[in-house]
Amino acid sequence: MRPLTIIGNWKLNGNLASNEVWVKAVCQGMEKGMPAGRKYAVCAPFPYLSQCDQLIKQCSLAFLRLGAQDVSAHLSGAYTGEVSAQMLKELGCAYVIVGHSERRQMHHETDELIAEKALQALDQGITPIICVGESADERNSGREVEVVRGQIAKQVSVLQDRLADCLIAYEPIWAIGTGKVASAQVAQDMHRAIRLQLAEFDEDVASHVGILYGGSVKPDNAVELFAMPDIDGGLIGGASLNPQDFLAICQA
Ligand SMILES: O=C(CO)COP(=O)(O)O
C-alpha cells in the first residue's frame, strides 16, 4: 500500500515569527495523535529552511519532515542564485518540489530541466515531488490527458525506474489558488491515467509511485479526494498557511 502523503507548499509566504508559530502549532496538534502510516511535510522558502529544520527537530515527530520549493539542476559552480540539492540535504530537506506550474509559467521551466532537477534531488536521497497539470484552455479543448502524458513521458524517459523514488503531484492549473477544486472523480481519472501510463513503462514503478493532488484542497474537500484509489495525498497551497487548516487536512 502507498502511504498517504500530505505536503504544504507555503510558496512566497511566511516570516521568522509566523513560521515559528506555525511549526509549534502543527507539532502540538500532531503530538495529540495522527492517523497511522501517513507522511507529512512542509515546503518552506529557502531562507527559512534552517529555522524550520530546527523547529521540526525540536518536536521530533518522525512523520513530519521538511521540504523545499525548488532546486538547481546543477550540483555546484557558476550559477548565481541557485540552490543545490546537496545544500538542501544539509538543511534537513527530505522533499523538494520540482516543476511547479508557477515555475513552468513564470520561469519557463521545461520538462527536460525538471527531470534534471529531480535527478539532482534523487542523488542526494531527497524525494522530488514532480508537478504536472494542464491549463484551463487545454482542458476546455479536451487535451488534458495528452498534455499531462507529454509531461510524464519526459520524466519517464530521463528518470526511468528511479521514478519509483519520486512523488508526482497532479496540479491542474485552473484549480491552483482559484477555489475551483477538481472534483474527486476528475482528479481520480487523471491520477488513473498517469498510473496507467507509468504501468506502460513498468508496473512495479506504477504501483509504487505516490500521486498527490494539488489545487484548492481545503479541510472540507480533502476527505473525498483522499478516499479515491489513485489519490495518494495532497500538495496544499493556500490552506497550508493556516496551521489549523493544514492539521485538519492532515487528519482528513
Ligand atoms: O499550487 C498548489 C500547491 O503546490 C496549490 O495551491 P492552492 O492549494 O492554493 O490552490
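If you're wondering where the values come from, they're calculated on a predicted model, not measured in any experiment.

Caption draft 1: Structural context of the overall build of the chain. What the chain contains, in helices and strands, is eleven helices and eight strands. Taking 2.2 N^0.38 as the reference for a compact globule, 252 residues should give roughly 18 Å; the C-alpha atoms of the chain span a radius of gyration of 17 Å, in line with that estimate. Classification of the 252 residues of the chain by burial places 54% in the buried group. Carbon and sulfur atoms form 51% of the exposed surface of the chain, whose accessible area is close to 11100 Å². Here the chain contributes 21 positively and 30 negatively charged side chains, and the mean placements of these two sets differ by 4 Å.

Caption draft 2: Main features of the sheet that holds strand E8 (residues 233–236). An order of E1-E2-E3-E4-E5-E6-E7-E8 is seen for the eight strands of this closed barrel, with the pairing classed as parallel. Across this sheet, the average inter-strand angle for adjacent strands is 25°, counted without regard to direction. The sheet contact formed by strand E6 (residues 167–170) and strand E7 (residues 210–214) spans four bridges and is parallel. Residue pairing in the sheet places Leu167 in a bridge with Gly210 of E7.

Caption draft 3: Region of the structure containing the side chain of Gln197. Secondary-structure assignment places Gln197 in helix H8 (residues 184–201). When near neighbours in sequence (up to four residues on either side) are disregarded, Gln197 contacts Val148, Arg149, Ile152 and Ala153.

Caption draft 4: How the structure looks around the state of the cysteines. Throughout the structure, instances matching the rule amount to one disulfide. The side chain of Cys27 participates in a disulfide bridge whose partner is Cys59; the two sulfur atoms lie 2.3 Å from each other. Torsion about the S-S bond of the Cys27 and Cys59 cystine: about -45°, corresponding to left-handed handedness. Highlighted residues: Cys27 in helix H1 (residues 16–31) and Cys59 in helix H2 (residues 49–59), separated in sequence by 32 residues. Comparing Cys27 with Cys59, the two get one shared label, buried. Here Cys43 stays free of any disulfide, with the sulfur of Cys93 as its closest cysteine sulfur at 7.7 Å. Left unpaired, Cys250 is separated from the closest cysteine sulfur, that of Cys27, by 11 Å. Looking at Cys250, the relative accessible area reads 0%, which means it is buried.

Caption draft 5: Expanded view of the environment of Ser84. The residue Ser84 is located in the loop between strand E3 (64–68) and helix H3 (85–90) in this model. Judged by its relative accessible area of 5%, Ser84 falls in the buried class. The spatial distance from the C-alpha of Ser84 to the C-alpha of Val21 is 28 Å, given a sequence separation of 63 residues. What Ser84 contacts, discounting residues up to four positions off in sequence, is Val71, Ser72, His74 and Leu75.

Caption draft 6: The arrangement of helix H11 (residues 243–250) in detail. Within H11, burial applies to Pro243, Phe246, Leu247, Ile249 and Cys250. The arc enclosing the buried residues of H11, seen along the axis, measures out at 160°, which places them on a common side. The inward-facing, buried residues of H11 abut strand E1 (5–9), H1, strand E2 (39–43), helix H10 (219–226) and E8. At the N-terminal boundary of H11, the capping side chain belongs to Asn242, with an oxygen 2.8 Å from the backbone nitrogen of Gln244.

Caption draft 7: Structural context of the UniProt feature "active site" (unreviewed entry) in the chain. Mapped onto this numbering, the UniProt entry annotates "active site" (unreviewed entry) at His100 and Glu171. Despite a sequence span of 72 residues, these residues sit close together in the fold, their greatest C-alpha distance being 8.3 Å. Note that His100 resides in the loop between strand E4 (93–98) and helix H4 (101–106). Setting aside residues up to four positions removed in sequence, His100 forms contacts with Asn9, Lys11, Cys131, Glu171 and Ile176. Note on placement: Glu171 falls in the loop between E6 and H8. In contact with Glu171, other than residues within four places in its own chain, are His100, Cys131, Val132, Gly133, Ile176, Gly214, Gly215 and Leu235.

Caption draft 8: Here's a closer look at unusual backbone geometry. Within the chain, Lys11 stands out as a residue other than glycine whose phi angle is a positive 55°. Along the chain, Lys11 falls in the loop between E1 and H1. Lys11 sits in the partly exposed class, given a relative accessible area of 21%.

Caption draft 9: Inspection of the environment of Val71 at higher detail. Note that Val71 resides in the loop between E3 and H3. Taking the C-alpha atoms as reference points, Val71 and Glu116, separated by 45 residues in sequence, lie 9.8 Å from one another. Setting aside its immediate chain neighbours within four residues, Val71 contacts Val83, Ser84, Ala85, Leu88, Val96, Val98 and Lys117.

Here is what the cut-offs are and how they apply
Residues numbered from 1 in each chain as written. Predicted model: local features only at pLDDT ≥ 70, side-chain atom pairs only at ≥ 80, totals over all residues. Heavy atoms only, no water. Helix = DSSP H or I, 4+ residues; strand = E, 2+ residues; numbered from the N terminus. Rg over C-alpha atoms; globule rule 2.2 N^0.38 Å. Buried < 20%, exposed > 50% of the residue type's maximum accessible area, 1.4 Å probe, protein only. Areas by Shrake-Rupley, 256 points an atom, 1.4 Å probe, with all protein chains shown as cover. Lys, Arg positive; Asp, Glu negative; His and termini not counted. Charge placed at Lys NZ, Arg CZ, Asp CG, Glu CD. Pairing = 2+ DSSP bridges. Axes fitted to C-alpha atoms, helices over the stretch in contact; angles between N-to-C directions. Contact = heavy atoms within 4.5 Å. Disulfide = S-S within 2.5 Å. Arc of directions from axis to C-beta. Polar contact = N/O pair within 3.5 Å; in protein donor to acceptor, adjacent residues only side chain to side chain. UniProt positions renumbered as here; feature names shortened; annotations may be inferred.

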